[in-house]
Every structure is written in C-alpha cells, then in structure tokens.
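The primary structure of each chain is shown beneath.
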Amino acid sequence: MLASNPAERAKRPRKPRPAPGTVWNDDQLRAFLRVARRHRLYAFFHLAAYTGAWRGELLNLRWADIDLDAGEVTFRGSTDVIDGERVEGTTKGGRERTVSIDAGTVRVLKEHRARQARERLSGLPEVLSVTRPG
C-alpha cells in the first residue's frame, strides 16, 4: 500500500496550443517583396523577412545599430505603441543580439539610407524607425 496517492501530485495536462499561423513559402515571400519594392517601407519589410526580427525590435532600430560594412544589425531594444504613445523597452529576451545580414540586405539598406537623405533635403518627414539618427 502507498502512503499517499501519486495522482494527487500529478499535473493537469496543458490546454492544447492553437495551430501556428500560416507561414509564407519562398515563392510567396518573393512575390510579396517584389510588390512591396515600390513601398516606402520596403527596407522594413525586407529586414523583417531576412533577419526574423520581431516587429518591436525593428521599430526600435537606429542607424547606429546597423553596421553596413560588417553586414550586421544589433537589436538593442523594442518599441511598441500603447494607447497612442510610443513605449521603448528591452528585447523579449532582455538582451541585445547581433544578426548577420547578406549583401542583398546591405544593398537595400544603403538604397533606403540614400533615399532618406534625399527626402530629408526635400523636407519630407522620415518614415521607418531605421531612419532615426543616433
């Protein structure tokens, strides 16, 4: 005989997790990026696709976080908008991380930076968090 019932110490099974959302395949991603190429936020979309970064990490990027010569992006924090107000914080894991980027992504970012410089000279507002100085 057992002194206690082992079933009393057993943990209840967790609720089943919902099925993961649909992920684009390579052809679908290429098609999206081909259409998005004309959009002002193309660099944002491209960087999201090729780094796997969270939206908040991308929104927090500054040019100082991007080393185009070394082909690296360092995600140092996260940004969100809560009740219409921009809130900055740490990354989901609480630490910064550096991700290598390919030559195509470096080219996209260089093009974006050049366009941003032209827009700044023309007085247009900056769009895309990567465009913020610092």
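Residues numbered from 1 in each chain as written. Predicted model: local features only at pLDDT ≥ 70, side-chain atom pairs only at ≥ 80, totals over all residues. Heavy atoms only, no water.

**A look at the pairing of strand β4 (residues 85–89)**
Right, on to step 1. Note that strand β3 (residues 78–82) and β4 share five bridges and pair antiparallel. Within β4, the residue paired with D80 across the bridge is V87.
Right, on to step 2. Where β3 folds back onto β4 in an antiparallel hairpin, the turn is made up of two residues, including D83, whose phi is positive at roughly 50°. (Pairing = 2+ DSSP bridges. Helix = DSSP H or I, 4+ residues; strand = E, 2+ residues; numbered from the N terminus.)

**Things to note about helix α4 (residues 103–122)**
Right, on to step 1. The terminal C-alpha atoms of α4 lie 29 Å apart, and with 20 residues this matches the ideal 28 Å at 1.5 Å per residue to within 8%.
Right, on to step 2. Residues of α4 that are buried include every one of G104, T105, V106, V108, L109, H112, Q116 and E119, and no others.
Right, on to step 3. Tucked inside the fold, the buried residues of α4 contact α2 (42–51) and β1 (66–67).
Right, on to step 4. Put simply, D102 is the residue that caps the front of α4, since its side-chain oxygen is 3.1 Å from the backbone nitrogen of G104. (Expected span 1.5 Å × (residues − 1). Buried < 20%, exposed > 50% of the residue type's maximum accessible area, 1.4 Å probe, protein only. Contact = heavy atoms within 4.5 Å. Polar contact = N/O pair within 3.5 Å; in protein donor to acceptor, adjacent residues only side chain to side chain.)

**Re the sheet that holds strand β5 (residues 97–100)**
Right, on to step 1. Strand order in the open sheet formed by three strands is β1-β2-β5, with antiparallel pairing between adjacent strands. Taken across any chain shown, the strands that pair with only one partner, and hence form the sheet edges, are β1 and β5.
Right, on to step 2. Strand direction decides the pairing type here: β1 and strand β2 (residues 72–75), joined by two bridges, are antiparallel. Each residue of the ladder has a partner; that of D67, found in β2, is E72.

**Side note on the environment of W63**
Right, on to step 1. Summarising the element assignment, W63 is placed in the loop between α3 (55–59) and β1.
Right, on to step 2. Expressed as a C-alpha distance, the spacing of W63 and P18, which sit 45 residues apart in the sequence, is 37 Å.

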